[in-house]
Amino acid sequence: MASPAQDTAIETQGLTKRFGERLAIDGVNLRVPRGVAFGFLGPNGAGKTTMIRMLLGLTRASAGSAHVLGLPVPAQRGRALARVGAIVEEPRFHMHLSGRENLRIIAAARGPEVRERIVPALERVGLAGRAEDKVKSYSLGMRQRLGVARCLLADPLLLILDEPTNGLDPGGMQEFRQMIRAMVEQEGRTVFISSHLLDEVEKVCDAAAIVDRGKVVSEGAIAELASGDGVAHELVIGVQDERLALSVLQASELVRGVSTNDDGVRVVLAGAPETAAALNASLVHAGVGVTRLEPVRVSLEDRFLEITSRLSDAPAREEAAR
């Protein structure tokens, strides 16, 4: 087996976890480069938390291997996790103590230099003004942010966050996105985010893996995942004469399909996006006034639903073929 590259924060090969007869993680090969925000995206029950627990050495894999910051887990768990901060499921604290007091307890166990990071960590997550309040008065979203502050005490190269936006209101989500991007772009950290919230992953992450039923079914940069292989390119066209436009488009070899809706005429191109210019020229040549022509943006959510729907339909198709 090849040694893990030093430019990777997380690398797994054939990682598998069984609980009795149930296969929770199924032969996952994953590579997370350093210095990015990486999303581990899937529906509830897809195996995301189990994957994180194996990466942190909290549960043993049934087969395969995992390396964190270039070191094998669980064989060298202590060394590997020395510069890792993690939140698994909901972060837990001493509820009768303040946020600052909770962080002081963690700092006392780590060493005197860690104590100096408490104030910057609280400021980073936006809790400096509530640091002296007891944690029992915090909302779930505030406890999530305190969990991130606790992670920062280790001055981590890698943060592993399990559903970190749970309980955050829209304003809190925006602050979270800004915080993560600053950690990646300004501080050079790697952030591994497990989530079922497609919109949040798309907005904050550079790349992602889509996981379903314990398998990674797609992986890559966010833009690549959204476009996907073999996905048709679509346009929305605003025209002055819809009837004439439809007749031109339906006769065009550049068009695979055409329909109308409130936005205008929707066209599925038969070829690459570059053919849009030729299509526009043909409409103008035919006397159609074009007021708008723009690509239909495929979101990560569209791509995710397409992949998981296809996987859900596969057993039925196999059964029907027998």
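Per chain, residue numbering runs from 1 following the sequence as it is written. Side-chain atom pairs in this predicted model are given and counted only at pLDDT of 80 or more, local residue features only at pLDDT of at least 70, and totals for whole chains, interfaces and linings cover all residues. As a rule here, side-chain values come from all non-hydrogen atoms in the structure, and water together with hydrogens is ignored.

Engineer: Can you break down the overall build of the chain residue by residue, with the values?
Structural biologist: Within the chain, the regular secondary structure consists of twelve helices and 14 strands. Note on classification: 1.4 Å probe, protein chains only; a residue is buried when its accessible area is under 20% of the maximum for its type, exposed when over 50%, partly exposed between these limits. Out of the 322 residues belonging to the chain, those deemed buried represent 46%. Any two residues having at least one pair of non-hydrogen atoms within 4.5 Å are treated as being in contact. Excluding contacts between residues fewer than 6 apart, the proportion of contacts in the chain whose partners are at least 24 apart in sequence is 68%. Throughout, the Shrake-Rupley method with a 1.4 Å probe supplies accessible areas, and for residues the shown protein chains are the sole cover considered. Just so you have it, the chain exposes about 16,000 Å², and 48% of that area is on carbon and sulfur atoms. Strands are runs of DSSP state E lasting at least 2 residues, helices are runs of H or I lasting at least 4, and numbering of each runs from the N terminus.

Engineer: Can you lay out the pairing of strand β11 (residues 234–239) for me, pointing to particular residues and giving the numbers?
Structural biologist: Within β11, five of the six residues are buried, which leaves the element mostly enclosed by the surrounding structure. Here four bridges tie β11 to strand β13 (residues 264–269), and the two strands are oriented antiparallel to one another. Bridged to Ile237 within β13 is Val265. We call two strands paired when DSSP finds no fewer than two bridges between them. With five bridges connecting them, β11 and strand β14 (residues 290–295) associate as antiparallel partners.

Engineer: Give me the lowdown on the packing of aromatic side chains, citing residues and values where you can.
Structural biologist: Here the aromatic set is Phe, Tyr and Trp, taking the six-membered ring for Trp, and pairing holds for ring centres within 6.5 Å; pairs whose planes are under 30 degrees apart are stacked, those over 60 apart are edge-to-face, and all others are tilted. Evaluation of the coordinates by the stated rule reveals two aromatic pairs. Between Phe38 and Phe192 the ring centres are 6.0 Å apart and the planes differ by 5°, which places this aromatic pair in the stacked class. Of this pair, Phe38 sits in strand β3 (residues 37–41) while Phe192 is found in strand β8 (residues 190–195), placing the two residues 154 residues apart along the sequence. The exposure class assigned to Phe38 is buried, which follows from its relative accessible area of 2%. For Phe192, a relative accessible area of 0% corresponds to the buried category. By the ring-pair criterion, three or more aromatic residues cluster together here, those being Phe38, Phe40 and Phe192.

Engineer: Explain the sheet that holds β3 to me, using residue names and the numbers behind them.
Structural biologist: Pairing is mixed in the open sheet, where six strands are placed in the order β6-β7-β8-β3-β9-β10. At either margin of the open sheet sits one strand with a lone partner, and together these are β6 (84–87) and β10 (215–221). With strand direction ignored, the average angle separating the axes of adjacent strands in the sheet is 15°. Of the pairings in the sheet, the one linking β6 to strand β7 (residues 158–162) comprises four bridges and is parallel in character. Note that in β7 the partner of Gly85 across the bridge is Leu159. Every axis in this analysis is a line fitted to C-alpha atoms, fitted for helices over the stretch in contact. Angles between the N-to-C directions lie between 0 and 180 degrees. Against the sheet, helix α1 (residues 48–55) engages β3, β7, β8 and β9 (207–212), with an angle of about 145° to β8. Its contacts with the sheet put helix α6 (residues 140–152) on β6 and β7, and the angle it makes with β6 is roughly 160°.

Engineer: An account of the nonpolar core is needed here, citing residue identities and associated values.
Structural biologist: Of all hydrophobic cores here, the largest spans 41 residues; its most connected members are Leu146, Leu161 and Ile180. Discounting chain neighbours no more than four positions away, the residues touching Leu146 are Phe93, Gly99, Leu103, Leu122, Leu127, Val135 and Tyr138. Only buried Ala, Val, Leu, Ile, Met, Phe, Trp, Tyr and Cys residues count toward a nonpolar core, and they belong to the same one when joined by side-chain atoms within 4.5 Å. Val32, Phe38, Leu55 and Leu71 belong to the second-largest nonpolar core, a separate cluster that totals 30 residues.

Engineer: An account of the pattern of salt bridges is needed here, citing residue identities and associated values.
Structural biologist: Every case where a carboxyl oxygen of Asp or Glu lies within 4 Å of a side-chain nitrogen of Lys or Arg is listed as a salt bridge. Considering all chains together, one arrives at 17 salt bridges under this definition. A salt bridge links Lys48 to Glu163; the shortest N-O distance between them is 3.8 Å. On the criterion of sequence distance, the pair formed by Lys48 in helix α1 and Glu163 in the loop between β7 and α7 (170–185) is long-range, its members being 115 residues apart. Given the relative accessible area of 5%, Lys48 is considered buried.

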